[in-house]
Amino acid sequence: MSYVKCLTCRECGNEYPVEPHHVCEFCFGPLEVSYDYDAIARDISRDTIAKGPLSMWRYWQLLPADLNKGGVDMGTGYTPLVRAKNLGRLLGLNNLYVKNDSVNPSFSFKDRVVSVATNKALEFEFEVLACASTGNLAGAVAAHGAKAGMKTMVFFPADLEKGKIIGAAIYGATLVAVDGTYDQVNRLCSELADNHRWAFVNINMRPYYAEGSKTLGYEVAEQLGWRAPDRCIVPAASGSLYTKIWKGFKEMGDVGLIEKPNTKMHLAQAAGCSPIVEAYGQGSLHVRPVKPNTIAKSLAIGNPADGFYALKTASATKGSCLAVPEPEVVEGIRLLAETEGIFTETAGGVVISALRILAKQGIIHPDEVTVAYVTGNGLKTLEAVESVVNPIHTTPDYATFQKALAAR
Amino acid sequence: MGNITVRIPTPLRRLTSGQDRVGVDGGNLGEVIVALNASYPGIQARLCDDSGALRNFVNIYLNGEDVRFLQGLKTATKAGDEISIVPAVAGG
């Protein structure tokens with residue numbers, strides 16, 4: 001069974017049937033899944049969750065697909081929440097955690113959203129799974145499509161990192177490299193979605209897709225012993241993940257799994273593409289699109305669809321939005337690797353540097369339970385950190401090595 | 001049939017009898033929308049709010065460029081131009 005009632009326009013409240021639609025026909029507002037929360041509150045408990053699979057599907061009552069009838073679960077989610085004592089000591093934070101979501105099946109949090117979208121696409125009897133991607137989504141779509149026996153088409157900006165392109169190609173996806181920015185890729189795909197019966201996970205499947213990100217809230221609360229953290233630092237491209245993690249905490253409070261959350265949500269972007277942060281700085285809810293120029297390609301969305309809702313979340317939670325200077329992106333990657341042994345991609349570098357800024361400014365109290373979300377794997381963006389390689393060069397000779405070591 | 005091509009997304013095709021592209025005339029984007037509304041009544045209210053500004057979740061592209069990088073509704077248009085109306089989408 002499913003607890004989904006309908007799709008509802010987030011702007012005007014018009015209701016729509018559960019179909020592959022994402023836009024309100026009247027006001028163009030985004031559609032969101034509505035649930036029967038009374039029934040969920042009656043049926044869900046910490047015990048029912050504990051008895052579920054060790055994946056994001058342990059929270060199936062709060063997701064818009066039902067795997068009890070079959071479907072695909074690649075083991076996405078239930079990733080480690082690491083107590084980051086070394087990094088915390090350095091930053092003066094006593095209760096710092098890193099949610100390491102870089103260990104998902106295709107090595108980014110995008111497996112969560114795609115897991116929901118794939119199951120929904122199967123339910124709607126699509127044969128082709130597709131996406132417009134800044135990289136991580138392409139890999140997740142290709143992997144899930146392979147497992148589900150679907151054809152996959154992934155569209156991405158042609159200048160994408162090699163690791164992300166290979167990381168999608170290996171699953172047998174049809175790759176489409178577009179000469180243009182992500183926003184241009186997205187526009188092309190929007191027009192294709194209108195005229196082809198393809199399940200574009202981030203377009204016509206978007207209402208279902210986006211719900212997958214809530215599980216990054218549920219898991220952290222469960223792993224903290226059924227409580228929401230005091231602060232979260234979350235990377236933002238479209239702004240969807242950030243708003244959905246907060247929605248996850250709120251829902252858990254609403255259905256009685258945790259106390260009402262009081263989490264302050266901090267949103268992080270790289271300075272070279274920070275349209276949401278710019279609007280926040282101007283006290284505006286209207287995001288002006290920008291042309292991205294950032295090393296953090298997974299966050300390079302100049303026209304963020306959920307920017308409006310992200311800004312509302314920042315203000316509702318008394319959090320903030322901050323931009324990290326471009327050179328600090330790589331510093332953040334190195335800092336996390338050198339202190340906690342976790343190798344993240346550029347988006348994670350943005351988060352760790354944002355965390356460092358918030359700690360330095362004294363915004364985070366030393367004892368607050370703080371969670372930094374690391375959402376993608378460092379092996380995907382090797383180009384960004386190639387400069388760390390500086391080996392001691394030697395012949396296979398004892399004395400030569402000793403000499404080379406002494407010279408270091 | 002006008003000289004500027006406007007590509008119509010699915011949510012608006014009920015207003016254009018299912019056509020996915022229509023032709024109109026107009027010297028700027030605002031005029032194009034008024035002309036569209038004359039042929040397909042109701043379309044302006046879908047694209048613009050009560051104050052006449054483009055709605056939050058509507059993206060309009062002139063020959064591939066987001067009109068917010070141009071002059072918005074005042075952006076000049078001419079014969080042969082192609083305009084795309086695209087709802088906002090998520091991603092990453």
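Quick caveat: nothing in here was measured; it's all calculated off a predicted structure.

1. Considering the pairing of strand 8 (residues 174-178) of chain A
All names here are of chain A.
Move 1: With five bridges connecting them, strand 7 (residues 151-157) and strand 8 associate as parallel partners. The partner of F155 across the bridge, within strand 8, is V176.
Move 2: For the handedness criterion, the β-α-β arrangement of strand 7, helix 6 (residues 162-169) and strand 8 is classed as right-handed.

2. Quick word on the interface of chain B and chain A
Move 1: Taken together, the contact between chain B and chain A spans 30 residues of the former and 40 residues of the latter.
Move 2: Between chain B and chain A the total buried area reaches about 2900 Å² when both faces are included, carbon and sulfur atoms providing 54% of it.
Move 3: The interface formed by chain B and chain A holds four salt bridges in total.
Move 4: Our enumeration of links across chain B and chain A arrives at 12 residue pairs in polar contact (both at pLDDT 80 or more).
Move 5: For the side of chain B that touches chain A, the secondary-structure elements that each account for two or more residues are helix 2 (43-47), strand 3 (58-62), strand 4 (65-66) and strand 5 (82-87) of chain B.
Move 6: The element contributing the most residues to the side of chain B that touches chain A is strand 5 of chain B, with four residues.
Move 7: Broken down by class, the residue content of the side of chain B that touches chain A amounts to 14 nonpolar, seven polar and nine charged.

3. Here's the deal with the packing of aromatic side chains
Aromatic ring pairs are reported here in terms of the distance separating the ring centres and the angle at which the planes meet.
All names here are of chain A.
Move 1: Taken as a whole and judged by the stated rule, the model has nine aromatic pairs over all chains.
Move 2: Both rings, one in Y35 and one in Y37, keep their centres 5.8 Å apart while their planes meet at 45°; by these two values the pair is tilted.
Move 3: For Y35, a relative accessible area of 3% corresponds to the buried category.
Move 4: According to the relative accessible area criterion, Y37 is partly exposed, its value standing at 28%.
Move 5: Taken together, a centroid distance of 5.8 Å and an interplanar angle of 40° make the contact between F155 and F200 tilted. One end of the pair, F155, is in strand 7; the other, F200, is in strand 9 (residues 199-200), and 45 residues separate them in sequence. For the pair F155 and F200, one class covers both residues: buried.
Move 6: Above the plane of the ring of Y309 lies R10, whose end atom (NZ or CZ) is 3.7 Å from the centre.
Move 7: Between R197 and the ring centre of F126, over which it is positioned, the NZ or CZ distance is 4.0 Å.

4. Considerations on the side chain of Q269 of chain A
Residues and elements named next belong to chain A.
Move 1: Of note, Q269 is situated in strand 11 (residues 264-270).
Move 2: Of note is the side chain of Q269, whose polar atom sits 3.3 Å from the backbone nitrogen of V277.
Move 3: Once residues within four sequence positions are removed from consideration, Q269 is found in contact with A236, A237, S274, P275, I276, V277, L322, A323, V324 and V350.

5. A short note on helix 12 (residues 307-316) of chain A
Residues and elements named next belong to chain A.
Move 1: The buried fraction of helix 12 amounts to seven of the 10 residues, a majority that puts the element mostly inside the structure.
Move 2: Among all positions in helix 12, only G307, F308, Y309, A310, L311, T313 and A314 are buried.
Move 3: Buried residues belonging to helix 12 abut helix 10 (240-254), strand 11, helix 11 (275-281) and strand 12 (320-324).
Move 4: Taken from the residues just after helix 12, K318 is the one with a positive phi, measuring 60°.

6. Things to note about the pattern of salt bridges
Residue and element names in this part refer to chain A.
Move 1: One pass over the full model with this rule turns up 29 salt bridges over all chains.
Move 2: In this structure, E161 engages K164 in a salt bridge whose closest nitrogen and oxygen atoms are separated by 3.6 Å.
Move 3: Residue classification places K164 among the buried residues on the basis of a relative accessible area of 2%.
Move 4: K247 serves as the salt-bridge partner of E211, at 2.9 Å between the closest nitrogen and oxygen. Of this pair, E211 sits in helix 8 (residues 206-211) while K247 sits in helix 10, and the two are 36 residues apart along the sequence.

7. Observations regarding the sheet that holds strand 4 of chain B
Move 1: Across the sheet, five strands lie side by side as 2-1-5-3-4 (chain B); this open sheet has mixed pairing. Of all strands in the sheet, those with a lone pairing partner are strand 2 (21-24) and strand 4 of chain B, marking the two edges.
Move 2: Pairing of strand 3 of chain B with strand 5 of chain B involves five bridges; the strand directions are antiparallel. When the sheet's bridge partners are listed, I60 of chain B is paired in strand 5 of chain B with I85 of chain B.
Move 3: Across the sheet, helix 7 (residues 182-195) of chain A is in contact with strand 1 (4-7), strand 3 and strand 5 of chain B; its angle to strand 5 of chain B comes to roughly 85°.
Move 4: Against the sheet, helix 1 (residues 29-39) of chain B engages strand 1, strand 2, strand 3 and strand 5 of chain B, with an angle of about 110° to strand 2 of chain B.

8. Focus: the pairing of strand 3 of chain B
Residue and element names in this part refer to chain B.
Move 1: Burial analysis of strand 3 places five of its five residues in the buried class, the great majority of the element.
Move 2: In strand 3, alternate side chains face the same way, and those of V58, I60 and L62 on one face and N59 and Y61 on the other are all buried.
Move 3: Looking at chain direction, strand 3 and strand 4 are connected through two bridges and run antiparallel. Each bridged residue has a counterpart across the sheet, and for L62 the counterpart in strand 4 is E65.

9. Focus on the sheet that holds strand 5 (residues 96-100) of chain A
All names here are of chain A.
Move 1: Taken in spatial order, the six strands of this open sheet run 4-5-13-10-11-12, and their pairing is mixed. On the outer flanks of this sheet lie strand 4 (81-83) and strand 12, each paired with one strand and no other. Across the sheet, the axes of successive neighbouring strands diverge by a mean angle of 25°, strand direction being ignored.

10. Considerations on the packing of helix 13 (residues 327-340) of chain A against helix 14 (residues 346-360) of chain A
Residue and element names in this part refer to chain A.
Move 1: Relative to each other, helix 13 and helix 14 sit at 90°, their axes nearing to 7 Å. Taken together, the axes of helix 13 and helix 14 are roughly perpendicular relative to one another. Taking contact as the criterion, the partners of E328, V329, E331, G332, I333, L335 and L336 in helix 13 are, on helix 14, T346, G349, V350, I352, S353, R356 and I357.
Move 2: Partitioning the contact of helix 13 with helix 14 into residue classes produces seven nonpolar, four polar and three charged.

Rules of the game
- Residues numbered from 1 in each chain as written.
- Chains lettered and ligands numbered in written order.
- Predicted model: local features only at pLDDT ≥ 70, side-chain atom pairs only at ≥ 80, totals over all residues.
- Heavy atoms only, no water.
- Pairing = 2+ DSSP bridges.
- Helix = DSSP H or I, 4+ residues; strand = E, 2+ residues; numbered from the N terminus.
- Right-handed = clockwise from strand over helix to strand, strands pointing away.
- Contact = heavy atoms within 4.5 Å.
- Buried area = accessible area lost by both parts, 1.4 Å probe.
- Salt bridge = Lys/Arg side-chain N within 4 Å of Asp/Glu carboxyl O.
- Polar contact = N/O pair within 3.5 Å; in protein donor to acceptor, adjacent residues only side chain to side chain.
- Nonpolar A, V, L, I, M, F, W, Y, C, P; charged D, E, K, R; others polar.
- Phe/Tyr/Trp six-rings, centres within 6.5 Å; stacked < 30°, edge-to-face > 60°.
- Buried < 20%, exposed > 50% of the residue type's maximum accessible area, 1.4 Å probe, protein only.
- Lys NZ or Arg CZ within 6 Å of the ring centre and 35° of its normal.
- Axes fitted to C-alpha atoms, helices over the stretch in contact; angles between N-to-C directions.
- Parallel < 35°, antiparallel > 145°, perpendicular 65-115°, else oblique.

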